[in-house]
Amino acid sequence: MDLQLELNKAGGFKNLELLAKQVVEGFIAGMHKSPFHGFSAEFAEHKIYNQGESTKHIDWKLYAKTDRLYTKRYDEETNLRCHLIVDNSSSMHYPESAGSTIDNLNKISFSALASASLMHILKKQRDAVGLSIYSDTYDFYSPEKGSERHHRMLTTKLSETVVSKPVSKKTETYLYLHQIAEKVHRRSLIFIFTDMFQTSEDDEKLFEALRHLKHNKHEVVLFHVFDKAKELTFDFDNRPKRFIDIETGDNINLYADNVKENYEKVVKAYFNNLRLKCGQYRIKYVEADINAGFNQILTTYMIERQKFV
């Protein structure tokens with residue numbers, strides 16, 4: 001299958017589930033070059049053996065191949081619960097011209113495909129996954145389940161979100177993270193995909209909400225989704241342009257070179273502050289450049305899953 005044909009500007013993802021499978025398989029194929037050497041596609045039906053567990057279900061054939069101990073997984077096992085949270089505010093649909101190819105994603109399509117890829121792994125491992133989508137309303141919520149039907153429903157919802165194109169939808173991350181925290185009762189891995197643009201509340205209140213998610217001993221990973229070239233380094237030509245805030249409609253006319261240096265300074269300081277705050281509250285912060293592919297997303301999942309006990 002040609003991944004380039006899987007996206008088009010008008011219709012979004014034609015087959016998000018199949019594309020997610022391709023992303024995951026490509027990631028696994030490259031794992032021999034990573035710290036996960038020896039962790040093959042068979043991981044979907046195995047889990048790493050932890051000292052003190054019964055040796056009854058150790059797969060000795062796999063041990064002979066990998067020199068690592070794994071125990072066999074069974075259909076009824078659900079050792080992990082995962083809740084995916086996706087910001088669907090208007091700013092997540094930037095850049096508006098993106099979406100025509102796998103190498104030209106906007107922030108929401110990147111987040112949807114990353115989420116679907118994580119869901120594909122979770123499904124293969126018989127783990128339970130839930131999904132929340134928010135903007136200036138709590139657009140969608142589904143609790144953690146592991147059935148095939150449930151996964152298909154979540155994939156469909158993610159596909160619909162990519163083409164929703166909300167108009168002037170502001171980000172109410174602070175408000176809805178509190179609500180999500182009240183809904184996710186059992187200890188879970190929580191992955192948040194957001195560009196961290198929020199004008200209505202200060203950063204302290206946002207981190208208040210993130211700490212609320214930590215309250216029930218959840219492990220929280222914040223994927224900070226952004227277009228590095230445009231939103232971090234302000235890589236625009238120096239012709240006069242009108243820059244429009246797609247959440248508020250505010251606009252300003254300027255030459256990019258006139259503000260580039262100050263812009264980069266302020267934005268980098270903001271990113272560094274986010275990273276430091278997340279470290280302070282034991283929230284894993286991951287920069288997710290939409291032009292850098294999905295390996296960092298999936299590697300982060302692999303690391304966090306092995307730590308999750």
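Described below are features of the structure shown in this document. In this text, all values refer to a predicted model and were calculated from it rather than measured experimentally.

**Side note on the sheet that holds strand S5 (residues 81–87)**
Working step 1: Taken in spatial order, the six strands line up as S7-S6-S5-S8-S9-S12 in an open sheet, and their pairing is mixed. Taken across any chain shown, the strands that pair with only one partner, and hence form the sheet edges, are strand S7 (138–145) and strand S12 (284–289). When the angles between neighbouring strand axes are averaged without regard to direction, this sheet yields 15 degrees.
Working step 2: Bridge count between strand S9 (residues 219–226) and S12: six bridges; the pairing is parallel. Its bridge partner being in S12, His224 is matched across the sheet by Glu287.
Working step 3: Sheet strands touched by helix H3 (residues 107–124): S5, strand S6 (128–134), strand S8 (189–194), S9 and S12. Its angle to S5, the strand with the most contacts, is close to 170 degrees.

**Quick word on the nonpolar core**
Working step 1: The biggest cluster of nonpolar side chains holds 46 residues, and the ones touching the most others in it are Phe191 and Phe193.
Working step 2: Apart from residues lying up to four places away in sequence, Phe191 is in contact with Cys82, His83, Leu84, Ile85, Leu118, Val221, Phe223 and Tyr301.
Working step 3: Membership of the second largest hydrophobic core comes to 28 residues, among which are Ile180, Ile190, Leu213 and Phe226.

**As for the environment of Phe223**
Working step 1: Summarising the element assignment, Phe223 is placed in strand S9.
Working step 2: Sequence separation between Phe223 and Val286 is 63 residues, and the spatial gap between their C-alpha atoms is 4.9 Å.
Working step 3: Setting aside anything within four residues of it in sequence, one finds Phe223 in contact with Phe191, Ile192, Phe193, Thr194, Val286, Ala288, Ile297 and Thr300.

**A few points about helix H4 (residues 148–162)**
Working step 1: Its 15 residues give H4 an end-to-end C-alpha distance of 22 Å, which sits within 8% of 21 Å, the value for a rise of 1.5 Å per residue.
Working step 2: For H4, the complete set of buried residues consists of His150, His151, Leu154, Thr155, Leu158, Ser159, Thr161 and Val162.

**Quick word on the side chain of His150**
Working step 1: Its location among the elements puts His150 in helix H4.
Working step 2: Residue classification places His150 among the buried positions, given a relative accessible area of 5%.
Working step 3: Setting aside anything within four residues of it in sequence, one finds His150 in contact with Val129, Gly130, Ser142, Pro143 and Lys145.

**Details of the pairing of S8**
Working step 1: Within S8, six of the six residues are buried, leaving the element largely enclosed by the surrounding structure.
Working step 2: Residues Leu189, Phe191 and Phe193 line one face of S8 and the alternating positions Ile190, Ile192 and Thr194 line the opposite face, and both faces are buried.
Working step 3: Relative to S8, S5 runs parallel, the two being bridged by five bridges. Note that in S8 the partner of Cys82 across the bridge is Leu189.
Working step 4: For S8 and S9, the ladder comprises six bridges, and the chain directions are parallel.

What counts, and at which threshold
- Residues numbered from 1 in each chain as written.
- Predicted model: local features only at pLDDT ≥ 70, side-chain atom pairs only at ≥ 80, totals over all residues.
- Heavy atoms only, no water.
- Pairing = 2+ DSSP bridges.
- Helix = DSSP H or I, 4+ residues; strand = E, 2+ residues; numbered from the N terminus.
- Axes fitted to C-alpha atoms, helices over the stretch in contact; angles between N-to-C directions.
- Contact = heavy atoms within 4.5 Å.
- Core = buried A, V, L, I, M, F, W, Y, C linked by side-chain atoms within 4.5 Å.
- Buried < 20%, exposed > 50% of the residue type's maximum accessible area, 1.4 Å probe, protein only.
- Expected span 1.5 Å × (residues − 1).

In short, shape yes, function no, at least from these values alone.
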